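So the chains spell out like this:
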Amino acid sequence: MATSSCQYIPTDTQKLGVAAIHGENLTSIFTGKEDVTAVDNVSFDIEENKITAIIGESGSGKSTLLKLIYGLLEPNEGEVRYKGWLVPTRKDKLIPGHDAMKMVSQGFDDLNLYAKVWDNIASQLPNTNLDYKQSRTAEILKKLRIDHLAQHRVADLSGGERQRVAIARALINDPEVLLMDEPFNQVDAAFRDGLQQDIKQIVMETGLTVILVSHDPAEVLAMADALIVMRNGKIVDAGNPKDLYFRPKHHYTAILLAKSNILSPKQALILNIQQEDSVAIHQEWINVKENRNSTFKILDIKFRGFYSEYVLGNKEISLHAIVKTETPLPIGTGVDIDILNFISFPVQL
Ligand code: ADP
Ligand code: MG
């Protein structure tokens, strides 16, 4: 196996003192009728043995960034390095993709639907050592908890089971980095936690580095060690999930992670918050108390199980608030609004 720290490009010299995966001033433009700058001059560092999630709304450039990291796309500007060495692209390497990395693409393109699970995975190993092929395949099936499905055809499996097969297939040759594009999309919500937990376990046991793309941050908040937030091809925020949740640098991050209420300075003033900048108020930072004389009313109530989401408003603004469901107030009730906390951003809305 070509080692991770290998030099693919003869003129390259290893860059020292940078993170395991290091992107610098990366730009990727798709040319067509109109040029699209999918990734717009981004720089980032991704640590090894961790789970990093690239999050952002649809079309923000997440998949493009993942492909740049793997070497499937040639950047128009900038570079990506793995362990200090340039990641090879099509012009440097016949089969695209860094040898130390494996990518699980969206939609199970790599799986043979009509072959058995066992064969889909074992086929990744050479026939030079059949005992090893047998034992290694059994081992990886077990690790992904799909050993009982070994003799089933992939076509007969659920989305979650297919995703486990795809991951097992990607991991069988011990890559150092696993790249996944929206890996939980096809997995029923009830089975996501289990798969996320298993990926976390594998990272802990093997020191694998995982980079995954998600448009649903809630699903990766508990799983990721680090987040990279993309918007319109740019990285607007990066850091650990808790920091980004409580101290986002961009209102977009607050909306993405906390479904936060974003108010202009003028709107904030209605709640007696005096700020020159826009502010974010997370839904759980709002207390509600019945007051018949208040101008604020409960406009709508969304039942969410152990809590309810109230939509509160007056003529000027409306806010979403999380309220425990114990003593529900009916729609139309006048309420006082108590803001427990807010974040301000020196960013124009
Ligand atoms: P995301 O994964 O966040 O949804 P993408 O990286 O797929 O975003 O796309 C970013 C932007 O680049 C979008 O505007 C998309 O339409 C455009 N784009 C992506 N791939 C191509 C392509 N092969 N050709 C032209 N435009 C593309
Ligand atoms: Mg995508």
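Here the structure is a predicted model, which is why all the values come from computation and not from measurement.

So, how was this worked out
- Residues numbered from 1 in each chain as written.
- Chains lettered and ligands numbered in written order.
- Predicted model: local features only at pLDDT ≥ 70, side-chain atom pairs only at ≥ 80, totals over all residues.
- Pairing = 2+ DSSP bridges.
- Helix = DSSP H or I, 4+ residues; strand = E, 2+ residues; numbered from the N terminus.
- Axes fitted to C-alpha atoms, helices over the stretch in contact; angles between N-to-C directions.
- UniProt positions renumbered as here; feature names shortened; annotations may be inferred.
- Near = placed C-beta within 6 Å.
- Nonpolar A, V, L, I, M, F, W, Y, C, P; charged D, E, K, R; others polar.
- Core = buried A, V, L, I, M, F, W, Y, C linked by C-beta atoms within 7 Å.
- Buried ≥ 20, exposed ≤ 12 C-beta atoms within 10 Å, placed from the backbone.
- Contact = placed C-beta atoms within 7 Å.

Engineer: What exactly am I supposed to notice about the sheet that holds strand 11 (residues 261-263) here?
Structural biologist: In a beta sheet, neighbouring strands pair by backbone hydrogen bonds and run either parallel or antiparallel. Reading across the sheet, the three strands line up as 11-12-18 and stay open at both edges, with antiparallel pairing between neighbours. Among the strands making up the open sheet, the edge pair consists of strand 11 and strand 18 (343-345). Averaged over all pairs of adjacent strands, the angle between strand axes in this sheet comes to 25°, irrespective of strand direction.

Engineer: I'm lost on the UniProt feature "domain: ABC transporter" (unreviewed entry) in the chain in this one. Help?
Structural biologist: The sites that UniProt annotates as "domain: ABC transporter" (unreviewed entry) are residues 21-257. As a span, residues 21-257 carries 33% helix and 26% strand, and end to end its C-alpha atoms are 24 Å apart.

Engineer: When you look at the site of ligand 1 in this model, what are you seeing that I'm missing?
Structural biologist: Surrounding ligand 1, one finds Phe30, Gly32, Val36, Ala38, Gly56, Ser58, Gly59, Ser60, Gly61, Lys62, Ser63 and Thr64. Elements with a minimum of two residues in the shell around ligand 1: strand 2 (36-46) and helix 1 (62-70). Tallying contributions element by element places helix 1 first for the shell around ligand 1, with three residues. Split by residue class, the shell around ligand 1 holds three nonpolar, eight polar and one charged.

Engineer: Can you walk me through the nonpolar core in this structure?
Structural biologist: One finds Ile69, Ala168, Leu179 and Val229 to be the most contacted residues of the largest nonpolar core, which totals 89 residues. Broken down by element, this core gets its largest block of residues, six residues, from helix 4 (residues 159-171). If near-sequence neighbours (up to four positions away) are discounted, Ala168 is found in contact with Ile121, Ile140, Leu141, Leu144 and Ile146.

Engineer: How should I be thinking about the sheet that holds strand 10 (residues 234-239) in this particular structure?
Structural biologist: With respect to topology, six strands assemble into an open sheet ordered 6-7-8-3-9-10, the strand pairing being mixed. Edge positions in the sheet fall to strand 6 (101-104) and strand 10, since each of these pairs with one other strand and no more. Here the strands of the sheet are splayed against their neighbours by 15° on average, with no regard to which way each runs. The sheet contact formed by strand 6 and strand 7 (residues 177-181) spans four bridges and is parallel. Bridge pairing in strand 7 places Val104 opposite Met180.

Engineer: Sorry, what's going on with the pairing of strand 4 (residues 77-82) here?
Structural biologist: Each regular strand carries side chains that alternate between the two faces of the sheet. Pairing analysis gives five bridges linking strand 1 (residues 21-30) to strand 4, with the strands arranged antiparallel. Counted as the bridge partner of His22 is Arg81 from strand 4. As defined by bridge partners, strand 4 adjoins strand 5 (residues 85-86) across two bridges and the pair is classed as antiparallel. By the bridge assignment for strand 5, Tyr82 is matched with Trp85. The turn joining strand 4 and strand 5, which pair antiparallel and follow one another in sequence, is formed by two residues; a positive phi near 50° is taken by Lys83.

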